[in-house]
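Spelled out, the chains give:
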Amino acid sequence: LLALILFSPIILAVAAAVKYTSEGPVLFRQERIGQWGETFTFLKFRSMQVKQAENPHKAYIEKLIKENQSANGTAGDEAPVFKLTDDPRVTPVGRFIRKTSLDELPQLINVLRGEMSLVGPRPPVLYEFEIYDVWHRMRMLTVKPGITGLWQVYGRSSTNFDEMVRLDLKYVTEWSLWQDVKIILRTPWAVIAGKGAY
């Protein structure tokens, strides 16, 4: 609640920029998988055009997770990143708010609702969760998803899928209040440095 009050001028500015530079709602709502596999409505500032016939991210994620050899990388090859880095649906304003993580500020409302935590694993979309291996799903069982986490601080979109899962599992198994504090303190620098953002 305090963060929503402190960030309210930025929230209003971003909302106005989204509203007046592209057609569609200010907020993007999407069903995500939370703790114990329960679904909730995930909030972000809209960063994409509304009218798009195809979802390249869905096809990209399905290919990345299903093709284990490609996802894990082969000898001498660099493993592909988890996030789609050249999505044609993203608007100019959307590209900026994604790079600076300003699009994630509405998730503070999810935290107030008890659906998310400030720190935790990234909440997957439904079509992504459906093709997880069993060990991938373990990351969502015992803790709430978070706005920031080990993956967001140490890798962001430059991290491949299996490494993202390993970081989330490391967070779950080694959880402590001090670790949460360290992740929160490192998050602004990760955003400013733009490490792995797109």
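The structure displayed is predicted, hence computed values, not measured ones.

**Re the overall build of the protein**
So, step 1. Within the protein one finds 11 helices and 4 strands.
So, step 2. Taken across its 198 residues, the protein has 44% of its residues classed as buried.
So, step 3. Across the protein, contacts joining residues at least 24 apart in sequence account for 73% of those joining residues at least 6 apart.
So, step 4. With the model as given, the accessible surface of the protein reaches about 10,800 Å², and the carbon-plus-sulfur share is 61%.

**Thoughts on the nonpolar core**
So, step 1. Among the nonpolar cores identified, the biggest contains 17 residues, and F129, L150, F161, M164, V165, Y171 and I183 are the most heavily contacted of them.
So, step 2. Broken down by secondary-structure element, the contributors of at least two residues to this core are α9 (150-154) and α10 (161-173).
So, step 3. Residue contributions to this core peak at 7 residues, all from α10.
So, step 4. Discounting chain neighbours no more than four positions away, the residues touching I183 are V119, T148, G149, L150, V153 and Y171.

**Digging into the environment of L167**
So, step 1. By the secondary structure assignment, L167 is in helix α10.
So, step 2. Separated by 28 residues in the primary sequence, L167 and R139 have C-alpha atoms spaced 9.2 Å apart.
So, step 3. Leaving out residues up to four positions away in the same chain, L167 has contacts with L150 and W151.

**Notes on the packing of aromatic side chains**
So, step 1. Evaluation of the coordinates by the stated rule reveals 2 aromatic pairs.
So, step 2. Taken together, a centroid distance of 6.5 Å and an interplanar angle of 70 degrees make the contact between F40 and F42 edge-to-face.
So, step 3. Here F40 falls in the buried class, since its relative accessible area comes to 6%.
So, step 4. Seen from their ring centres, F129 and Y132 are 5.6 Å apart, and the 55 degrees between their planes marks the pair as tilted. The same class applies to F129 as to Y132, namely buried.
So, step 5. Across from the ring centre of F129, 4.5 Å away, lies the NZ or CZ of R137, which sits over that ring.

**A short note on the environment of M116**
So, step 1. Position of M116 among the secondary structure elements: in the loop between α6 (107-112) and β3 (117-119).
So, step 2. Residue M116 is classed as buried on the basis of its relative accessible area, which comes to 2%.
So, step 3. In this structure the C-alpha to C-alpha distance between M116 and F42, which are 74 residues apart in sequence, comes to 9.0 Å.
So, step 4. With residues up to four places along the chain from it excluded, the contact list for M116 reads F40, F42, Q107, N110, V111, P123, K144, P145, G146 and I147.

Conventions we followed
Residues numbered from 1 in each chain as written. Predicted model: local features only at pLDDT ≥ 70, side-chain atom pairs only at ≥ 80, totals over all residues. Heavy atoms only, no water. Helix = DSSP H or I, 4+ residues; strand = E, 2+ residues; numbered from the N terminus. Buried < 20%, exposed > 50% of the residue type's maximum accessible area, 1.4 Å probe, protein only. Contact = heavy atoms within 4.5 Å. Areas by Shrake-Rupley, 256 points an atom, 1.4 Å probe, with all protein chains shown as cover. Core = buried A, V, L, I, M, F, W, Y, C linked by side-chain atoms within 4.5 Å. Phe/Tyr/Trp six-rings, centres within 6.5 Å; stacked < 30°, edge-to-face > 60°. Lys NZ or Arg CZ within 6 Å of the ring centre and 35° of its normal.

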